[in-house]
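Observations on the model geometry
Here is what each chain is made of, one letter per residue.
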Amino acid sequence: SSPEVKAQSLATAAQALEDCENALYDIESSLGDAEDSLLALKHLTSPAHSTRLSEVLIAAQELARHTVRPVGGAYLPDLSFDPQIYTPRALAVSLVAAALSSFAAQLDGRESSKGIKIEVNDRDSSAEVTLTARELPVQALEQITTELNRHLGEESTVSLECTEGALRITFQVVRRSI
């Protein structure tokens, strides 16, 4: 029971305590992520024929979080307006989440990815959600747009187009609110 043995035991105990604290933090963080994902899935699966644009964007961002994080993330802008859109919630959320994940898949492995920029613009009877990523080649953007349009089918409340190096998703608006 020399002082060196006591010091070593104390150092080992301190390291074990730090490891436990780190593990608890990781568990707490994972639980928070799981709660956020469950809420996003709830938004995706709850029956609604129209929904607020902010709810769509938050749920889609959460569903795509694990794919966009490695490429720099996708951060939502502050919305100056929050219209109710005609597009059914499940379609709107899955469309935006698929677009974000498709961007991330194309950006994966590219150096210095700055993430995905999301902009929202108010147009008289519609709301535009514009996704851009500087490192994304136009050809990849066109491919993403074509693939998403294929899944969109005949839905008339939302449209997709590749324009000026961006993917523009246009939702028809039911009602405006600030």
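The text that follows walks through the structure, step by step, so that each part is easy to find. Please read these numbers as outputs of a predicted model, since none were measured by experiment.

Bringing the packing of helix 2 (residues 53–68) against helix 3 (residues 89–107) into the picture now. Viewed as axis vectors pointing N to C, helix 2 and helix 3 meet at an angle of 35 degrees, and their least axial separation amounts to 8 Å. In terms of crossing hand, the pair formed by helix 2 and helix 3 is right-handed. Counted together, Glu55, Val56, Leu57, Ala59, Ala60, Gln61, Leu63, Ala64, Thr67 and Val68 of helix 2 and Arg89, Ala92, Val93, Val96, Ala97, Leu100, Ser101 and Ala104 of helix 3 form the full contact between these two elements. Its residues placed into classes, the contact of helix 2 with helix 3 shows 13 nonpolar, 3 polar and 2 charged.

Turning next to the nonpolar core. With 40 residues, the main nonpolar core has Leu100, Phe103, Val129, Leu131, Leu167, Ile169 and Phe171 as its most contacted residues. At the level of secondary structure, the elements contributing two or more residues to this core comprise helix 2, helix 3, strand 4 (116–123), strand 5 (126–132), helix 4 (138–152), strand 6 (158–163) and strand 7 (166–175). If one sorts the elements of this core by residue count, helix 3 sits on top with 10 residues. Those residues in contact with leucine 167 that sit more than four places away from it in its chain are Ala99, Phe103, Val129, Thr130, Leu131, Leu141, Ile144, Thr145, Leu148, Leu160 and Glu161.

Cut-offs applied
- Residues numbered from 1 in each chain as written.
- Predicted model: local features only at pLDDT ≥ 70, side-chain atom pairs only at ≥ 80, totals over all residues.
- Heavy atoms only, no water.
- Axes fitted to C-alpha atoms, helices over the stretch in contact; angles between N-to-C directions.
- Helix = DSSP H or I, 4+ residues; strand = E, 2+ residues; numbered from the N terminus.
- Left-handed = near helix turned anticlockwise from the far one by under 90°.
- Contact = heavy atoms within 4.5 Å.
- Nonpolar A, V, L, I, M, F, W, Y, C, P; charged D, E, K, R; others polar.
- Core = buried A, V, L, I, M, F, W, Y, C linked by side-chain atoms within 4.5 Å.
- Buried < 20%, exposed > 50% of the residue type's maximum accessible area, 1.4 Å probe, protein only.

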